[in-house]
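Analysis of the macromolecular model
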Amino acid sequence: MIFSLELIKWYSENKRSLPWRNTRNPYLIWVSEIIMQQTRVEQGLPYYHRFISAFPNLKTLANAPLDEVLRIWQGLGYYSRARNIHYAANQIQQDLNGIFPSTYLEILKLKGVGKYTASAIASFAFDEYTPVLDGNVIRFTSRYLGVYGEVAKKENAKTMEDFLLLEIKKSKAPDVFNQAMMEFGALHCTPQNPNCKICIFKINCRAFADNKVNSTPLVKKSAKKQKRFFNYVYFDIENKGIPSTLISKRVQKDIWQDLYELPLLEQEKIKKSDIVDFFHLPKSSEKNLKKQFKIIHQLSHRELHVVFWEYHTSLDVISDTLSPLYEVIPQIKLSQKAFPVPIVSFLNRKEETEKILSLDKNN
DNA sequence: AACACGGGGTG
DNA sequence: CACCCAGTGTT
C-alpha cells in the first residue's frame, strides 16, 4: 500500500469544499492561512469572505489604515495576525516591488508567517515540496508513527518532518498531499474518539496497535488561568446636542493591542469613589455614576471579570480635568472602531435596551 | 523551552 | 470543565 496514494484517494472522496482550495493566487492563500491559524474553519470562513471583500488584493491591504484592517478582524481574536498581515503587505509592496515571494525561505521572512504558513503557501501556490506540520498533521502523524513523547521537542518534530518529506515527494503533488494530510486529521483522525475501526490506515498505525490513540499526541497541561478585573465606564456626554462618549486606544503590549476600548480602571475591589477619583470627576457627581452589569469573559489563558459602569455628564463639566488619552466621539460613530468582544456585547446590549425603552415611551 | 495572545465549539 | 482549533512572536 502506498501511503500518499491511499491518502489522496480518501481526500478526493471526503474533502470539504473550501474557497481557498480553488485558487493559486498566493495573496488569497496567504489571507486564508493567516485567518485559519488557531481557528476552526467554520469560525474563520465568514472572516475570509469579509477580508477579501474589503481587501481584494495586496495593494488594497497595504494601503488601508491598520484601524480598518482591525475593524474587519473584530471578534476573530489573535489581533497580532491583523497587525502582522498589514505590516507584511507593506513589506511586499516596498521591499519586493509588490511581487509575492515565491519560495519557502522568502515567504518565511514575512511578519506573521512561521514554518507552518510558509510551507502551506509554498506548496499551495508554488508547488514546493514543503510538508506542513499543523495541529491536524501532528495528531495524525504522531499517532501513525507512534511518536509518544513531547511533540514540541526538536527530535520528535524531526521524526515527523522526515516522514512527511519522504511521503510528500512520493506523492508528486505537494499541494494535494498537504491539504489531504490536514483534512484527514481534521475529519477522521480527530482529537477525541476517532473512528479507528473504519480507518484506512489502521493496519500501519502504531498508536492503534499500541492502544495509545487517545493519549497521543502528548499534551502538557496548561497553567492555571490568571484573573484580571476590568472596570469600563461608558460616559454618556451631552456635547452641543451630539450625544458623545469617550474611547481610548490600547497601545500597551497586552491583550487587544491597537483595539479601542472605553475608559478603563483595572482594579479588583472597587467603590464608586475610586472611579470618581481615578477619572478626576467632580466629587458631587457620584450620583451620576451607575453600575450596569458584570460579565466574566473567558479567554484561553485569562479570566476577565468585566464590570460596566455608566456616567452621565456634559462635556463642559469634565473637559478641564480629562486626560488626553481619551478621545471624544459621537455615540453613533462607535461602530467605526474595532473593539474587543466584551465591549461590543455591552454596546449591543445598550442599544437593544434603548430600543425597547423608546418603544415603551411611544406606547 | 515557556509564555502571551482570542474567541468559540465540543464532549 | 478540559481540550483544541489550517500558529507566531517574544522572553
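Residues numbered from 1 in each chain as written. Chains lettered and ligands numbered in written order. Predicted model: local features only at pLDDT ≥ 70, side-chain atom pairs only at ≥ 80, totals over all residues. Heavy atoms only, no water.

**Some remarks on the environment of lysine 9**
Worth spelling out the cut-off: Secondary structure counts use DSSP, requiring at least four H or I residues in a row for a helix and at least two E residues in a row for a strand, with both numbered from the N terminus.
Structurally, the position occupied by lysine 9 is in helix α1 (residues 3-14). Taking the C-alpha atoms as reference, lysine 9 lies 48 Å from lysine 227; in sequence the two are 218 residues apart.

**A word on the packing of aromatic side chains**
Heads up, the condition is: Pairs were defined over the aromatic rings of Phe, Tyr and Trp, the Trp ring being its six-membered one, requiring ring centres within 6.5 Å. Orientation was assigned from the angle between planes: stacked under 30 degrees, edge-to-face over 60, tilted for the rest. Only protein chains enter the accessibility calculation, which uses a 1.4 Å probe. A residue is then buried if its area is under 20% of the maximum for its type, exposed if over 50%, and partly exposed in between. Working rule: Lys NZ or Arg CZ, within 6 Å of ring centre, within 35 degrees of ring normal, means a charge sits over the ring.
Enumeration according to the criterion identifies 27 aromatic pairs in this entry. With centroids separated by 5.1 Å and ring planes inclined at 65°, the aromatic side chains of phenylalanine 51 and phenylalanine 55 adopt a geometry described as edge-to-face. Centre to centre, the rings of phenylalanine 235 and tyrosine 311 are 5.5 Å apart; their planes meet at 70°, and the pair counts as edge-to-face. Here phenylalanine 235 is found in strand β1 (residues 226-239), whereas its partner tyrosine 311 is found in strand β6 (residues 302-314), with 76 residues between them in sequence. This pair shows no difference in class: phenylalanine 235 is buried, exactly as tyrosine 311 is. Ring pairing ties together the aromatic residues Phe3, Trp10, Phe140, Tyr144, Phe163, Phe184 and Phe201, which thus form one cluster. Sitting above the plane of the tyrosine 87 ring, lysine 111 keeps its charged end 5.3 Å from the centroid. The ring centre of phenylalanine 293 lies 3.6 Å from the NZ or CZ of arginine 349, which sits over that ring.

**Examining the layout of surface pockets**
Defined as follows: Detection works on a 1 Å grid of protein atoms alone, calling trapped sets that fit a 1.4 Å probe cavities and calling open sets with protein on both sides within 12 Å along at least five of seven lines pockets, with lining residues defined by an atom within 4 Å of a point. Grid points are joined across faces, edges and corners, and a volume is the space filled by probe spheres set on the points. Amino acids are sorted into nonpolar (Ala, Val, Leu, Ile, Met, Phe, Trp, Tyr, Cys and Pro), charged (Asp, Glu, Lys and Arg) and polar (every other residue, Gly among them).
Volume-wise, the second largest pocket comes out at about 370 Å³. A per-element tally of the lining of the second largest pocket places helix α15 (residues 341-362) first, with 6 residues. For the lining of the second largest pocket, the per-class residue count stands at 6 nonpolar, 4 polar and 5 charged.

**Comments concerning the protein's contact with DNA strand B**
To be explicit about the condition: For this purpose, a residue is taken to be near a molecule or strand whenever a single non-hydrogen atom of the residue falls within 4 Å of it. Pairing of N or O atoms within 3.5 Å defines a polar contact, subject to two protein rules: one partner must be a possible hydrogen donor and the other a possible acceptor, and residues neighboring in sequence count only if both atoms are side-chain atoms.
Taken together, 20 residues form the shell around DNA strand B, and within it Gly77, Tyr78, Ile255, Trp256 and Ser300 come nearest. Among the atoms of DNA strand B lying within 4 Å of the protein, the sugar-phosphate backbone contributes 58%. Here histidine 297 contributes a side-chain N or O atom positioned 3.0 Å from a phosphate oxygen of DNA strand B.

**Comments concerning the domain arrangement of chain A**
Applied cut-off: Marked domain ranges trace back to an automatic or database domain assignment. The contact definition used throughout considers only heavy atoms, calling two residues in contact when any of these lie within 4.5 Å. In this description, buried area is defined as the sum, over both parts, of the accessible area (probe of 1.4 Å) that is lost when the two are combined. By definition here, a salt bridge exists when the distance from a side-chain nitrogen of Lys or Arg to a carboxyl oxygen of Asp or Glu is within 4 Å.
Examined at the domain level, chain A breaks down into domain 1 (3-209) and domain 2 (226-362). Here domain 1 and domain 2 have C-alpha centroids that lie 39 Å from each other. Listed per partner, the contact involves 8 residues of domain 1 and 13 residues of domain 2. Summed over both sides, the interface of domain 1 with domain 2 buries roughly 870 Å², with 52% coming from carbon and sulfur. When residues of domain 1 are sorted by the area they lose upon contact with domain 2, Asp67, Gln74 and Tyr79 head the list and together hold 48% of the total. On the surface where domain 1 and domain 2 come into contact, there are 2 salt bridges. Residues lysine 249 and aspartate 67 are paired through a salt bridge, measuring 3.3 Å at the closest nitrogen-oxygen approach.

**Structural notes on the protein's contact with DNA strand C**
By nearness alone, 28 residues border DNA strand C, and Trp20, Gln38, Gly112, Gly114 and Arg139 come closest of all. A share of 68% is what sugar and phosphate atoms reach among the atoms of DNA strand C within 4 Å of the protein. Measuring from a base nitrogen of DNA strand C, one finds a side-chain N or O atom of arginine 21 at 3.4 Å. Listing elements by their share of the surface near DNA strand C, those giving two or more residues are α2 (26-36), α8 (115-126), α9 (135-145) and α11 (174-187). Looking at the surface near DNA strand C, its residues break down into 10 nonpolar, 10 polar and 8 charged.

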